[in-house]
Number of protein chains: 2
Amino acid sequence: MLPFARLTIIGLGLIGSSVARGVRAQMPAVRITGHDADPAVRKRAVALGICDDVTDTSGAAVLDADLVILCVPVGAMGAVAAEFAADLPADAIVSDVGSCKQSVAEALSAVLPDAIIIPAHPVAGTEKSGPDAGFSTLFKGRWCILTPPENAPEVAIERLRIFWQQLGADVELMDARHHDMVLAVTSHLPHLIAYTIVGTADDLEGVTQSEVIKYSAGGFRDFTRIAASDPVMWRDVFLSNKDAVLEMLQRFSEDLSALQRAIRYGKGDELESLFARTRNIRRSIVEQGQDDDAPDFGRKH
Amino acid sequence: MLPFARLTIIGLGLIGSSVARGVRAQMPAVRITGHDADPAVRKRAVALGICDDVTDTSGAAVLDADLVILCVPVGAMGAVAAEFAADLPADAIVSDVGSCKQSVAEALSAVLPDAIIIPAHPVAGTEKSGPDAGFSTLFKGRWCILTPPENAPEVAIERLRIFWQQLGADVELMDARHHDMVLAVTSHLPHLIAYTIVGTADDLEGVTQSEVIKYSAGGFRDFTRIAASDPVMWRDVFLSNKDAVLEMLQRFSEDLSALQRAIRYGKGDELESLFARTRNIRRSIVEQGQDDDAPDFGRKH
């Protein structure tokens, strides 16, 4: 049984195009309408054939939708929703895929006061961007977190849950505020730190950029992957989830200072005991299927 | 033409056992003698058949060697070399695989004042440890940095260069001090930061450890790989390369503070311009063959 018959995807980048491809593969009877603000992306989406229809305006895209998913940077959600507000059917469910949920919920409800809004966040992605980067199995075995507001109809939540499960995701419900704190540590802080260290390495005067690149297999290259993620998307995430990100950053900085002190004063035992502890977390992540056990991420050797 | 006929490997963990396997595969006529301080590792090395001979003492291992490679934590180099000093043939070349080179050179020359010492660092590895984790192609396409002292015989340097080239590595000569600074940024700082953030995530009270693990695909899991590396090896690296690590850490902290400030005051342009710049570094690393271009490190989806 299909949870929705007519899906509209606004934003056809990595995530939007992966949703389209996943729906095509898992729910082929669903009619998919797509829109993107960028004419070049619309043209590419038509060429890729990932939607049944690609419209030039977001209003035209939502006209007969029963599910609208916004796959745009979190800072653009409100403006994009305002564009199609007048054309949105009264019984359509509006959702999204953004990395922070409180700010998105506020932005959407401000411009769509009467709509059924159920924010969502599939915790999945790659460092690539654009419609060509998407693939149908991106959400398989990953978590999708729904943060329905208190007044959200149960049946709408259930339909959205079934939708993401059909795309292969495991679905969890969470309070938006708690989501933003959890993701601040599992996603936003890691990205922020990766961007920082790659920038630091780029700015050194005693070590050349070509040396940094050449010897990156010592660990640095692991950080460059997520530091290659979409700049606008991540700019918006940090600004939209400011409080939680700054809190996590503060804790991280304190821990880093403690470690710095341990190195300065030669406290080997402190270092070793932290390093042994962090091994166990890796083990749990692998055991719970959230990463491969293949050495070096399974890179070819 | 073989650069060496009788190789001794002291320390049969990930790197030592990979050297043994690589030599077996690429230079099968070389006789390989191994030793490890841990009897369980010696037993396992015998069972794996990666050496021609595994001895119970390091002295017995080096007796007729023409190349001795120390594959032990950098803090143990001096003590291990002292153990076999009396048994080392006068014309043997002594080398190592440690991640810092100034401290190793000092430790080795203190206890082996008359030996030919050519420190080396193959910039390769995985997060796994122990003799079972090694594989023959670990060094293929990776850089191996030699940091010969000024008085090192040219012919000895050339033999060691050929040795590592036969294992598939590209060889570079470098001043030990410069090596330690380059590796502080491309390897030591990334490990330190990965260990820190994984520890930070483990200590939160508002977010459970099970949530951190569950939603780690948002970026966090990338950091857990190198934070699962050998605790003793890394404790020694940070203590042995203290000055360069502390300097890089200081620069990183300053850059992180600047980013923190940009988030706090909503300076989106600053964030976006840094994030766009870091993308280019990733591109260069991929172009120069130091990482795969496969999205998400080629993880299965």
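Residues numbered from 1 in each chain as written. Chains lettered and ligands numbered in written order. Predicted model: local features only at pLDDT ≥ 70, side-chain atom pairs only at ≥ 80, totals over all residues. Heavy atoms only, no water.

An unreviewed UniProt entry lists chain A under the name prephenate dehydrogenase, from Sphingorhabdus wooponensis. What UniProt records for chain A under Sequence similarities (unreviewed entry) is the sentence "Belongs to the prephenate/arogenate dehydrogenase family." Checking UniProt for chain A, the heading Catalytic activity (unreviewed entry) contains the comment "prephenate + NAD(+) = 3-(4-hydroxyphenyl)pyruvate + CO2 + NADH". (UniProt positions renumbered as here; feature names shortened; annotations may be inferred.)

**Student:** Describe in detail the overall build of chain A, supporting the description with residues and values.
**Tutor:** Assigned secondary structure in chain A consists of 12 helices and nine strands. Its C-alpha radius of gyration of 21 Å places chain A within 12% of the 19 Å reference for a compact globule of 301 residues. For chain A, the C-alpha atoms occupy an extent of roughly 65 × 40 × 35 Å along the three principal directions. Within chain A, buried positions represent 58% of all 301 residues. Counting only contacts in chain A whose residues sit at least 6 apart along the sequence, the fraction spanning at least 24 positions is 73%. When the accessible surface of chain A is summed, it comes to about 11,100 Å², and 49% of that surface belongs to carbon and sulfur atoms. Here chain A carries 29 positive and 41 negative side-chain charges, and the mean point of each set is 6 Å from the other. (Helix = DSSP H or I, 4+ residues; strand = E, 2+ residues; numbered from the N terminus. Rg over C-alpha atoms; globule rule 2.2 N^0.38 Å. Buried < 20%, exposed > 50% of the residue type's maximum accessible area, 1.4 Å probe, protein only. Contact = heavy atoms within 4.5 Å. Areas by Shrake-Rupley, 256 points an atom, 1.4 Å probe, with all protein chains shown as cover. Lys, Arg positive; Asp, Glu negative; His and termini not counted. Charge placed at Lys NZ, Arg CZ, Asp CG, Glu CD.)

**Student:** Residues and numbers for the domain arrangement of chain A, please.
**Tutor:** All names here are of chain A. Taken domain by domain, chain A holds domain 1 (6–175) and domain 2 (178–293). One C-alpha centre belongs to domain 1, the other to domain 2; they are set 29 Å apart. Contacts between domain 1 and domain 2 engage 21 residues on the former and 18 residues on the latter. Summed over both partners, the interface of domain 1 with domain 2 comes to about 1,500 Å²; 55% of that surface belongs to carbon and sulfur atoms. It is Ser99, Cys100 and Glu127 that lose the most area in domain 1 upon contact with domain 2, and together they represent 32% of the buried surface on that side. Across the domain 1-domain 2 interface, the total number found is one salt bridge. In this structure, Glu127 engages Arg225 in a salt bridge whose closest nitrogen and oxygen atoms are separated by 2.8 Å. Here domain 1 is connected to domain 2 by 10 residue pairs in polar contact (both at pLDDT 80 or more). (Domains from an automatic or database assignment. Buried area = accessible area lost by both parts, 1.4 Å probe. Salt bridge = Lys/Arg side-chain N within 4 Å of Asp/Glu carboxyl O. Polar contact = N/O pair within 3.5 Å; in protein donor to acceptor, adjacent residues only side chain to side chain.)

**Student:** Describe the relation of the copies chain A and chain B, and please don't skip the residues or the numbers.
**Tutor:** For these two chains of identical sequence, chain A goes onto chain B by a turn of 180° and a shift of 0.0 Å along the axis, with RMSD 0.0 Å. Both copies of the chain, as the preceding transformation shows, are related through a two-fold rotation axis. Both copies contact each other with a shared surface, as 100% of the interface residues of chain A are interface residues in chain B too. (Least-squares fit on C-alpha atoms with pLDDT ≥ 70 in both.)

**Student:** Can you explain the interface of chain A and chain B? Please cite residues and give values.
**Tutor:** Counting from both sides, the interface comprises 108 residues of chain A and, opposite them, 108 residues of chain B. Between the two partners, chain A and chain B, sit 18 salt bridges. The salt bridge involving Asp291 of chain B is made with Arg299 of chain A; its shortest N-O contact spans 2.7 Å. At the junction of chain A with chain B, the criterion picks out 46 residue pairs in polar contact (both at pLDDT 80 or more). When residues of the side of chain A that touches chain B are assigned to their parent elements, the largest contribution, 20 residues, is made by helix H7 (residues 176–202) of chain A.

**Student:** With reference to specific residues and values, describe the UniProt feature "domain: Prephenate/arogenate dehydrogenase" (unreviewed entry) in chain A.
**Tutor:** Following the UniProt record, the feature "domain: Prephenate/arogenate dehydrogenase" (unreviewed entry) maps to residues 5–293 of chain A here. In residues 5–293 of chain A, helix accounts for 53% and strand for 11%; the two terminal C-alpha atoms are 39 Å from one another.

**Student:** Any chance you could break down the sheet that holds strand S7 (residues 120–122) of chain B for me, citing the residues and the numbers?
**Tutor:** All names here are of chain B. Spatial ordering of the open sheet is given by S7-S8-S9, a layout of three strands whose pairing is mixed. Whereas interior strands pair on both sides, the edge strands pair on one side only; in this sheet they are S7 and strand S9 (170–173). Taking each pair of neighbouring strands and ignoring which way they run, the sheet shows an average axis angle of 20°. Note: S7 against strand S8 (residues 143–146), three bridges, orientation antiparallel. Counted as the bridge partner of Ala120 is Leu146 from S8. (Pairing = 2+ DSSP bridges. Axes fitted to C-alpha atoms, helices over the stretch in contact; angles between N-to-C directions.)

**Student:** If you had to explain the sheet that holds strand S5 (residues 93–96) of chain A to someone new, which residues and values would you point to?
**Tutor:** All names here are of chain A. Ordered by their spatial adjacency, six strands build an open sheet running S3-S2-S1-S4-S5-S6, and the pairing between neighbours is parallel. Of all strands in the sheet, those with a lone pairing partner are strand S3 (53–54) and strand S6 (116–117), marking the two edges. Pairing geometry for strand S1 (residues 6–10) and strand S4 (residues 67–70), over four bridges, is parallel. Looking across to S4, one finds that Leu7 is bridged to Leu67.

**Student:** Explain the nonpolar core to me, and be specific about the residues and the numbers.
**Tutor:** Core analysis: the biggest nonpolar cluster contains 126 residues, and Phe84 of chain A together with Phe84, Ile193 and Phe223 of chain B have the highest contact counts within it. If near-sequence neighbours (up to four positions away) are discounted, Ile193 of chain B is found in contact with Ile193, Ile197, Phe223, Phe252 and Leu256 of chain A together with Phe223 and Phe252 of chain B. (Core = buried A, V, L, I, M, F, W, Y, C linked by side-chain atoms within 4.5 Å.)

**Student:** Tell me about unusual backbone geometry, and name the residues and values.
**Tutor:** Residues apart from glycine generally show negative phi values, whereas peptide bonds are mostly found in trans. Positive phi outside glycine occurs at Asp296 of chain A, with the angle close to 55°. Take Asp296 of chain A: it is sitting in the segment after helix H12 (268–287).

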